[in-house]
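# Reading the structure
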Amino acid sequence: MQEVLHHKSIQWRSSQQQAAMMAILQYQTDTIIILPTGGGKSMLAIIPSLLETHMVTILMLPLNSLVMDYEQCLKSMAVPYQVDALGHDLNTTDNLILVSADKSQTTHWHSALANLGQ
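First things first, this report covers the structure right here in the doc. Everything numeric here is computed off the predicted structure, so don't read it as measured data.

With 18 residues, the main nonpolar core has Leu-44, Ile-46, Leu-59, Leu-74, Leu-96 and Leu-98 as its most contacted residues. The set of elements that each furnish at least two residues to this core consists of helix H2 (15–25), helix H3 (41–51), strand E1 (57–61), helix H4 (64–77) and strand E3 (96–100). At five residues, H3 tops the list of elements feeding residues into this core. Apart from residues no more than four positions distant in its own chain, Leu-44 is found in contact with Gln-17, Ala-20, Met-21, Ile-24, Ile-33 and Leu-35. Judged by nonpolar contacts, the second largest core, of six residues, contains Leu-90, Ile-97, Val-99 and Leu-116.

Our next topic: the sheet that holds strand E2 (residues 82–83). The three strands are arranged E1-E3-E2 in an open sheet whose pairing can be described as parallel. Two strands lie at the open edges of the sheet, namely E1 and E2, each paired on one side alone. Pairing between E1 and E3: five bridges, direction parallel. Along E3, the bridge assignment pairs Leu-59 with Leu-98.

Moving on: the side chain of Gln-17. Along the chain, Gln-17 turns up in helix H2. Its relative accessible area of 1% is what places Gln-17 among the buried residues. In this structure the side chain of Gln-17 is engaged in a polar contact, spanning 3.0 Å, whose partner is the backbone oxygen of Gly-40.

Here we take up H2. Every buried residue of H2 is accounted for by Gln-17, Ala-20, Met-21 and Ile-24. Within H2, the buried residues cover an arc of 100° as seen down the axis, which keeps them to one side. Downstream of H2 by one or two residues, Tyr-27 has phi in the positive range, about 55°.

Rules used in this analysis
Residues numbered from 1 in each chain as written. Predicted model: local features only at pLDDT ≥ 70, side-chain atom pairs only at ≥ 80, totals over all residues. Heavy atoms only, no water. Core = buried A, V, L, I, M, F, W, Y, C linked by side-chain atoms within 4.5 Å. Buried < 20%, exposed > 50% of the residue type's maximum accessible area, 1.4 Å probe, protein only. Helix = DSSP H or I, 4+ residues; strand = E, 2+ residues; numbered from the N terminus. Contact = heavy atoms within 4.5 Å. Pairing = 2+ DSSP bridges. Polar contact = N/O pair within 3.5 Å; in protein donor to acceptor, adjacent residues only side chain to side chain. Arc of directions from axis to C-beta.

By themselves, these figures tell us nothing about what the structure is for.
Right, dumping it as structure tokens:
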């Protein structure tokens, strides 16, 4: 994690966070992670998007306010990302995609996902 984020003081928050990252990076199955607040869930989406630039990571957030919080965090870390697909197509260049739970239910989002990478 230190090498990917270019920050020597960053460490795993818990053994559960580290185990979750190892499961994610094995790419054998979709992964659902449940960790407490402050447990390091953000890094579990950010790191794979930085390592695997040819793959897309979709981070579904329960609230629009959390999407905005993530945008600020990602900008400060210089991590490329894009926000949902309402009004525009998704691209594969910015491979971390943020979407709120309510927008993920729209037909436009479903269509944008189906067209991703075509």
